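For reference, the chains in residue letters:
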Amino acid sequence: CGEGALKKAYDELYAKLEAEGAFAPEKKQRLPRYPEKIALITSLDGAAIGDFQMNLGRFGLKVDLYPSGVEGQRAIHELVAQVRAVAKRAKEYDALVIVRGGGGLESLQAFNNETLVRSLLALPIPVLAGIGHEKDITLASLVADQMESTPTACALRMTSHWQAARDYVMTLEQRLPRMLERAFAEQKALLVEQHQALFGFLGSLKEAVR
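Please read these numbers as outputs of a predicted model, since none were measured by experiment. (Residues numbered from 1 in each chain as written. Predicted model: local features only at pLDDT ≥ 70, side-chain atom pairs only at ≥ 80, totals over all residues. Heavy atoms only, no water.)

Undergrad: Honestly, the overall build of the chain in this entry has me stumped. Any pointers?
TA: Broken down by element type, the chain carries 6 helices and 5 strands. Overall, the chain shows an N-to-C arrangement of helices and strands of α-β-α-β-α-β-α-β-α-β-α. Once the C-alpha set of the chain is aligned to its principal axes, its extents read approximately 115 × 35 × 35 Å. Looking at the chain as a whole, 37% of its 210 residues qualify as buried. (Helix = DSSP H or I, 4+ residues; strand = E, 2+ residues; numbered from the N terminus. Buried < 20%, exposed > 50% of the residue type's maximum accessible area, 1.4 Å probe, protein only.)

So, in structure tokens, the structure goes:
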């Protein structure tokens, strides 16, 4: 009965937000291609924070942690307070990432709270959510500018363009010697050709003077 009531409340709030256009694609902000500083909201106790940080890689990305509970009634107030705290310092960040591990509808209930959802909607910076797993999609995930299935996927999304840029630089680094060698060979051939042409011209000029 409890889960049925939660599902009904979820569906009612979903319908309300959908009617307001809260999930509309045109309202989504684009995540930064090369973020430098992000705010992270998650629990200090769960595995999500470790998964996220471990997969960030060494790109110099600065992360400010805003710890919060992620389950239960108390978590609602903490999550809302931390989102509002990030909002006050929004100019310092390129994005907000909010993550937690998997769970059922009841354990994820804090992320279906209307106050939290509207706080995320009002945030002036992009939001990336990695809440729960693919089976149970929270309303907080739906209003986020982008959602991923896991905290690990969120970390990889934040650094994907940095990784692509590093791979490109490494590819160029490997190709550079061959590129330089080819360029020098082409210039050498051109100089030899011009050298021969010049001596040919000087020979013709010498004959003409005689």
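Undergrad: Sorry if this is basic, but what is going on with the pairing of strand 4 (residues 127–131) here?
TA: A regular strand carries its side chains on alternate faces of the sheet. Of all the 5 residues making up strand 4, 5 are buried; the element is thus mostly covered by neighbouring parts of the structure. The pairing of strand 3 (residues 95–100) with strand 4 spans 5 bridges and is parallel. Following the sheet pairing, Ile98 is matched in strand 4 by Ala129. As paired strands, strand 4 and strand 5 (residues 146–147) are joined by 2 bridges and run parallel to one another. The partner of Ala129 across the bridge, within strand 5, is Met147. (Pairing = 2+ DSSP bridges.)

Undergrad: Got a minute to help me understand the packing of aromatic side chains in this structure?
TA: Aromatic rings considered in pairs are described by the distance between their centres and by the relative angle of their planes. Going through the model one piece at a time under the given rule, you end up with 4 aromatic pairs. With a centroid separation of 5.0 Å and 70 degrees between ring planes, the pair formed by Tyr34 and Trp162 is classed as edge-to-face. Taken together, the positions of Tyr34 in the loop between helix 1 (2–19) and strand 1 (37–42) and Trp162 in helix 6 (residues 151–209) put the pair 128 residues apart, joining distant regions of the chain. Ring centres of Tyr66 and Tyr93 lie 6.2 Å apart, and the angle between their planes is 80 degrees; this geometry places the pair in the edge-to-face category. A residue pair is termed long-range when its members are at least 10 positions apart, and Tyr66 in strand 2 (residues 62–67) and Tyr93 in the loop between helix 3 (73–88) and strand 3 qualify at 27 residues. (Phe/Tyr/Trp six-rings, centres within 6.5 Å; stacked < 30°, edge-to-face > 60°.)

Undergrad: Help me understand the packing of helix 3 against helix 4 (residues 114–122) in this model?
TA: Two numbers describe a pair of packed helices, the interaxial angle and the distance between the axes. Where helix 3 meets helix 4, the axes come as close as 9 Å, and the angle between the chain directions of the two elements is 15 degrees. Accordingly, the angle class assigned to the pair helix 3 and helix 4 is roughly parallel. Helix 4 is crossed by helix 3, and the crossing has left-handed handedness. Contact residues: Leu79, Val80, Val83 and Arg84 in helix 3; Thr115, Leu116, Ser119 and Leu120 in helix 4. The residue makeup of the contact of helix 3 with helix 4, split by class, is 5 nonpolar, 2 polar and 1 charged. (Axes fitted to C-alpha atoms, helices over the stretch in contact; angles between N-to-C directions. Parallel < 35°, antiparallel > 145°, perpendicular 65-115°, else oblique. Left-handed = near helix turned anticlockwise from the far one by under 90°. Contact = heavy atoms within 4.5 Å. Nonpolar A, V, L, I, M, F, W, Y, C, P; charged D, E, K, R; others polar.)

Just geometry here; none of it tells us what the structure is for.
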